[in-house]
Each structure stands twice: as structure tokens, then as C-alpha cells.
Amino acid sequence: MIMRRAMLLFFVAAASVLAQGNPDWHAAFPAFRIAGNLYYVGTGDLAVYLINTPQGNILINSDFPEDLPLIKKSIEELGFKYGDTKIILISHAHGDHDAATGLIKNETGAKLMVMDADVPEEESNAPGRPGAHVDRVLHDGSTVELGGSKLVAHLTPGHTKGCTTWTMQVHDGARTLNAVIVGSPNVNPGYILAGNKNYPRIAEDYQKTFAVLKSLPCDVFLGAHGAYFGLKAKYEKMKAGSKDAFIDPDGYKAYVAEREETFRKEWDRQKQNPGSAAP
Ligand SMILES: [Zn+2]
């Protein structure tokens, strides 16, 4: 009975998370070049990044299987080949970013590389999990290189145990830009920050995440969801002729500060209300 109740609570929680998915999650969004060899091929909110190199492409995030046709279309519209995907990376092991990683592996032969602490979730066959074999286990500071491009995996845990913020230096014309793709600093509904038996270190991990995010040099501010960095508004600005629409170091700093403040308030609230979870 306890098991059945736990399963039921799990599905209720999962359903509420899905219900919160905004309509932009599965909406088409134009593919475009962000800077240098870094491109956006995601949906209206679920970000997927493509790094084009002479030795093939890297994809960051897969979105849900139902979004994969849109991603393929975006890749082809940019003049690239989906079949040239050599490496698939993720922001973190939640379905909106990784549920189709197994499909992409099967279809392209790409190698899946995942932060150590998210590997069990990635390889899990539980409902909604991709059940995808991880070809290379990453650690904090690991680098992923292909065709002259180099990405660095920064462990930014809390949202998931292996949540990863990716950085890369993008060569855009004569300038070199620091791009940061934030994994997630968010405390989801139902998250327990004080007295979490399954994840005792969760609050310390969030604190580590904010320290890491504050330490990263950032010119091009990106993230796992378009909403983190104002995808739509910046895209419109770019279409209107701005070459610097995605260069936003101040927006990045303000975003990290606001998210940290929100985390701290929720953590304080939970410490004062033992046994409570995030609303
Ligand atoms: Zn998530």
C-alpha cells in the first residue's frame, strides 16, 4: 500500500509538472545563428543548441520525442544534416531536455555524454526517462571537443544532482565571446530543500550552483529554457537588425541574482516550516 501511495503521489506530481508546461514548449520557433558556429534549433521555449564544426555537429538537449521533428526541421533549414550529429549533451536529466536522447542516438549514432550524477537518471527506463546508454561520463570541469570547438561542463547541481551549465568561447568575426548555457537554478514545485532524505545536500548544492554561476564570465547569456534569457524578445531584436541582441552580461548577472534571492527565500520558508515543499 505504501508503495502504491508513493507511486500515485509520483504520478500526481509528474502530471502537475507536465500541466505547467507552457504552450511554447512544443511550438515551432525559427532556427537561427546566435553567434559564430553556435545556433538555436529548439522550440519556442525548450532550448536546443547546435554547434557546427568541420567534423560534425554537437547538440545540447533533445527536448521530448514529440519535439524531435521540429528540431530536425530546424537543423535542415540551417543547411546542416541531422545525420551529422556526433555528440549529444544535456542541460540536466529532466524529460523536457533529455527524453529524446535515446532516439537521437539511435538515429544518428551520436555519442551521449552526461554529468556523472545524472547518469543513473539518463539510463533509467522509468516512465518519462530516456533509458539511453551514456557513452561518456563527464565530471565537473570536463571538456567536450569536436572539430576545433570546445565546451566546458560545469556542475551546477540542486535542480538535478548532475545539472550542467555549459560554457564555450564562440569566435564571431573578429571577436571572441563567452557563451553560458545555464543548466537550471530553479526550485521546482514539490522540491524539498530542508530535510530532504533522498537528496540531503540539495540546499548546499544550490548554493554551490549560485557561486559557480556568479564566477563565470558571460557575454552571450543562454539557458535550458528560452524564458531564462528572454529568447523571444532577443530574437525580435536580432530580426530588427541588432547584431548584439544575445550579448547580455548585465541580464545574466541580474538573472542569477534574482534566482538566488528566490532560492534563499524558499529555503528560509522551508526551514521555518519543517516538512513543507516548494509550492
Ligand atoms: Zn528541469
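Our structure's up above, just so we're on the same page.
Let me begin by describing the structure that accompanies this report.

Cut-offs used in this document
Residues numbered from 1 in each chain as written. Predicted model: local features only at pLDDT ≥ 70, side-chain atom pairs only at ≥ 80, totals over all residues. Heavy atoms only, no water. Buried < 20%, exposed > 50% of the residue type's maximum accessible area, 1.4 Å probe, protein only. Helix = DSSP H or I, 4+ residues; strand = E, 2+ residues; numbered from the N terminus. Pairing = 2+ DSSP bridges. Phe/Tyr/Trp six-rings, centres within 6.5 Å; stacked < 30°, edge-to-face > 60°. Axes fitted to C-alpha atoms, helices over the stretch in contact; angles between N-to-C directions. Contact = heavy atoms within 4.5 Å. Donors = N, O, S within 2.8 Å, 3.2 Å for Na, K, Ca; no water.

Bringing the pairing of strand β3 (residues 49–53) into the picture now. A large share of β3 lies buried, amounting to four of its five residues. Bridge count for strand β2 (residues 38–40) against β3 is three bridges, and the pairing is antiparallel. If you follow tyrosine 40 over to β3, its bridge partner there is tyrosine 49. Where β3 folds back on strand β4 (residues 56–60), the antiparallel hairpin that results is connected by two residues.

Applying the stated criterion to the full structure yields 16 aromatic pairs. Note on tryptophan 25 and phenylalanine 64: the rings are 5.9 Å apart at their centroids and 35 degrees apart in plane angle, and the pair reads as tilted. One end of the pair, tryptophan 25, is in the loop between α1 (2–19) and β1 (32–35); the other, phenylalanine 64, is in the loop between β4 and α2 (68–77), and 39 residues separate them in sequence. Grouping residues by exposure puts tryptophan 25 and phenylalanine 64 together as buried. On the basis of an interplanar angle of 80 degrees and a centroid distance of 5.0 Å, the ring pair of tyrosine 39 and phenylalanine 80 is categorised as edge-to-face. Here tyrosine 39 is found in strand β2, whereas its partner phenylalanine 80 is found in the loop between α2 and β5 (85–89), with 41 residues between them in sequence.

Moving on to the sheet that holds strand β12 (residues 220–223). As summarised here, the arrangement of the five strands in space is β8-β9-β10-β11-β12, forming an open sheet in which the pairing is mixed. Strands with a single pairing partner mark the edges of an open sheet, and in this sheet they are β8 (143–146) and β12. Each strand of the sheet is rotated relative to its neighbour by a mean of 20 degrees, with strand direction disregarded. As defined by bridge partners, β8 adjoins strand β9 (residues 149–155) across four bridges and the pair is classed as antiparallel. Within β9, the residue paired with threonine 143 across the bridge is valine 152.

Okay, the environment of leucine 138 next. With respect to the helices and strands, the residue leucine 138 is situated in strand β7 (residues 136–138). For leucine 138, a relative accessible area of 1% puts it in the buried group. In this structure, the C-alpha to C-alpha distance between leucine 138 and aspartate 116, residues 22 residues apart in sequence, is 5.5 Å. Each residue touching leucine 138, except ones within four places of it in the same chain, is listed here: Met113, Val114, Met115, Asp116, Val144, Ala153 and Trp166.

Attention now goes to the coordination of the zinc ion. Protein-derived coordination of the zinc ion comes from His92 (NE2), His94 (ND1) and His159 (NE2), at a distance range of 2.1 to 2.2 Å. Along the chain, the residues that donate to the zinc ion are spaced as H-x1-H-x64-H. Given a relative accessible area of 1%, histidine 92 falls into the buried group. We classify histidine 94 as partly exposed; its relative accessible area is 23%.

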